[in-house]
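The primary structure of each chain is shown beneath.
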Amino acid sequence: MAAKKLCDTISKELAEEVQKWGCMKQTGVSLRHMMNFGSTASPRNLLISAQFLHKELPIRIARRAIELENLPYGLSSKPAVLKVRDWYLDSFRDMRSYPEIKNKNDELEFTQMVKMIKVRHNNVVPMMALGVQQLKKDWPKVDYEDLREIHQFLDRFYMSRIGIRMLIGQHVALHDPNPPPNCVGYIHTKMSPLEVARTASEDARGICLREYGSAPDVNIYGDPDFTFPYVPTHLHMMVFELVKNSVRAVQERFMDSDKVAPPIRIIVADGLEDVTIKVSDEGGGIPRSGLPKIFTYLYSTARNPLDEHFTTTDVATSSTLAGYGYGIPISRLYARYFGGDLQIISMEGYGTDAYLHLSRLGDSQEPLS
């Protein structure tokens, strides 16, 4: 069925090729494997890495292109979703038309191409959000149960995107002739979660200061010398989103009060299996009926940066995913990508605790679907 639909808009050959590759088995990699493999970025290892991507990326990209064709409620035919599908098809075509990688020159040219593919897909998240908004405009009465299937698709779709971008980014970063100390591509082998939490909190407070003129304090507790291997950009994004929500909730609750706004508390605990980061606020909490909505892509009241007068640069520089309500569900995917999780527990009338679990072992495979 998907092949037939694809054939309506693209050549029969390409549609059949997408179908063929979309049926192949994906190969997951773990954080530990990426770290061990990349620790010697020899020309031979870079060649092996490029050859792996050359075979693996078309499989992952084809799967998403097929799914984009078969979404319920007419979402596949929304202009924004068609645009995303075309990006995936263009990338599939680029990957499949690239010849076998046999030597260093081939590998360097291939690396430039996958860099371009990564840039092409920069705005996939807001573009898909726009597609969902276009759907909701047509179906103003649609409810969460109706959209459960779309929500599950978006979870799979965005998780796959995290994986594709991690594989490309890691491969490209291994070419850095002067990597920062203790860095293997995107992975920092001795990352201090306290340090990352501190910079992410300052960034989140900065946004609050710009919006409201003041911001509650953030106090961080934990062992300052503790380090473990992880991807700092992923952790920064997750903590930033959690703290941003907390400072905003506290700021709004205490804005017109005589009381001093209570600080947000971040606690970093290093267990044997997990590193857990707890972000606690006294921002009034969320009603229990509202908790499931935190993790959906379908309830945001915020304006999508793509809505009016869209230019790609606007989105590429938009400072936050939560600008259109995706910060929390996407943070949970980032946590799960390397075997962790994100849980949110709330006391309505008091505040919210977010528990960010990160796998310390680094040996869980990517979740592929």
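What counts and what doesn't
- Residues numbered from 1 in each chain as written.
- Predicted model: local features only at pLDDT ≥ 70, side-chain atom pairs only at ≥ 80, totals over all residues.
- Heavy atoms only, no water.
- Pairing = 2+ DSSP bridges.
- Helix = DSSP H or I, 4+ residues; strand = E, 2+ residues; numbered from the N terminus.
- Axes fitted to C-alpha atoms, helices over the stretch in contact; angles between N-to-C directions.
- Contact = heavy atoms within 4.5 Å.
- Core = buried A, V, L, I, M, F, W, Y, C linked by side-chain atoms within 4.5 Å.
- Buried < 20%, exposed > 50% of the residue type's maximum accessible area, 1.4 Å probe, protein only.
- Domains from an automatic or database assignment.
- Parallel < 35°, antiparallel > 145°, perpendicular 65-115°, else oblique.
- Nonpolar A, V, L, I, M, F, W, Y, C, P; charged D, E, K, R; others polar.
- Phe/Tyr/Trp six-rings, centres within 6.5 Å; stacked < 30°, edge-to-face > 60°.
- Salt bridge = Lys/Arg side-chain N within 4 Å of Asp/Glu carboxyl O.

**Student:** Describe the sheet that holds strand β2 (residues 187-191), naming the residues involved and giving the relevant values.
**Tutor:** Here three strands make up an open sheet; going across it, the order is β1-β2-β4 and the pairing antiparallel. One side of each edge strand has no neighbouring strand; the edge strands of this open sheet are β1 (183-184) and β4 (228-230). With two bridges connecting them, β1 and β2 associate as antiparallel partners. Across the sheet, the residue bridging to C183 is H188, located in β2.

**Student:** Please give an account of the pairing of β2 that cites residues and values.
**Tutor:** Between β1 and β2, which pair antiparallel one after the other, the connecting turn spans two residues, and G185 there sits at a positive phi close to 65°. By the bridge criterion, two bridges tie β2 to β4 in an arrangement that is antiparallel. Directly across from H188, in β4, lies its bridge partner Y230.

**Student:** Describe the sheet that holds strand β5 (residues 264-270), and please don't skip the residues or the numbers.
**Tutor:** Hydrogen bonding along the main chain pairs the strands of a sheet, whether they run parallel or antiparallel. Pairing within the open sheet is mixed, and its five strands lie in the order β3-β5-β6-β8-β7. Across the chains shown, the open sheet's two edge strands, defined by having one partner strand only, are β3 (218-221) and β7 (341-347). For this sheet, the mean inter-axis angle between neighbouring strands, taken without regard to orientation, is 15°. As paired elements, β7 and strand β8 (residues 351-359) share seven bridges and run antiparallel to each other. Paired with Q343 across the bridge in β8 is Y355. Strands in contact with helix α13 (residues 327-337) are β7 and β8; relative to β7, the strand with the most contacts, it is inclined by about 135°.

**Student:** Can you explain the nonpolar core? Please cite residues and give values.
**Tutor:** One finds M128, Y158, L235, I266 and L356 to be the most contacted residues of the largest nonpolar core, which totals 104 residues. Element by element, the count of residues in this core is highest for helix α8 (residues 144-173), at 12 residues. Split by domain, the residues of this core number at least three in each of domain 1 (12-181) and domain 2 (192-359). Apart from the residues lying within four places of it in its own chain, the contact partners of L356 are L235, M238, V239, L242, V275, T276, I277, A335, D341 and L342.

**Student:** Can you break down the packing of helix α5 (residues 79-97) against helix α6 (residues 104-120) residue by residue, with the values?
**Tutor:** Look at α5 against α6: their axes get within 10 Å of each other, and the N-to-C directions meet at 175°. Judged on the interaxial angle alone, α6 and α5 are roughly antiparallel. Contacts between α5 and α6 pair W87, D90, S91, D94 and M95 from the former with F110, M113, V114, I117 and R120 from the latter. Considering only residue class, the contact of α5 with α6 consists of six nonpolar, one polar and three charged.

**Student:** Report on the packing of aromatic side chains, specifying residues and quantitative values.
**Tutor:** The tally for this structure, following the rule as stated, stands at 11 aromatic pairs. Judged by centre distance (5.4 Å) and plane angle (45°), the rings of Y88 and F157 are tilted. Separated by 69 residues along the polypeptide, Y88 in helix α5 and F157 in helix α8 bring together distant segments of the chain. Assigned by exposure class, Y88 and F157 land together as buried. With 5.9 Å between their ring centres and 70° between their planes, Y230 and F338 make a pair best called edge-to-face. Of the two residues, Y230 is situated in strand β4 and F338 in the loop between α13 and β7; the sequence distance between them amounts to 108 residues. Y230 gets classed as buried once you look at its relative accessible area, which sits at 1%. Site record: aromatic cluster; members linked through ring pairs are Y88, F153, F157, Y158, Y297 and Y326.

**Student:** Talk me through unusual backbone geometry; I want residue IDs and the actual numbers.
**Tutor:** The phi angle at Y73 is positive, at roughly 60°, despite the residue not being glycine. Checked against the element boundaries, Y73 lands in the loop between α4 (43-69) and α5. The class of Y73 is partly exposed, set by a relative accessible area of 29%. Positive phi, close to 65°, is recorded for N182, a residue that is not glycine. Inspection of the secondary structure assignment puts N182 in the loop between α8 and β1.

**Student:** Go over the pattern of salt bridges, please, and point to the residues and values.
**Tutor:** Within this structure, the stated rule accounts for 17 salt bridges. A salt bridge links E195 to R198; its shortest N-O distance comes to 3.2 Å. Note that E195 and R198 are positioned in helix α9 (residues 193-212) at a spacing of three residues, about one turn of the helix. Given the relative accessible area of 42%, E195 is considered partly exposed. Accessibility expressed as a relative area gives 37% for R198, which makes it partly exposed. For E211, the salt bridge identified is with R248, shortest N-O distance 3.1 Å. Here R248 lies in helix α10 (residues 232-254) and E211 lies in helix α9, a separation of 37 residues in the sequence. Residue R248 is classed as partly exposed on the basis of its relative accessible area of 29%. One connected set of salt bridges, linked through shared partners, spans E56, R60 and E366.

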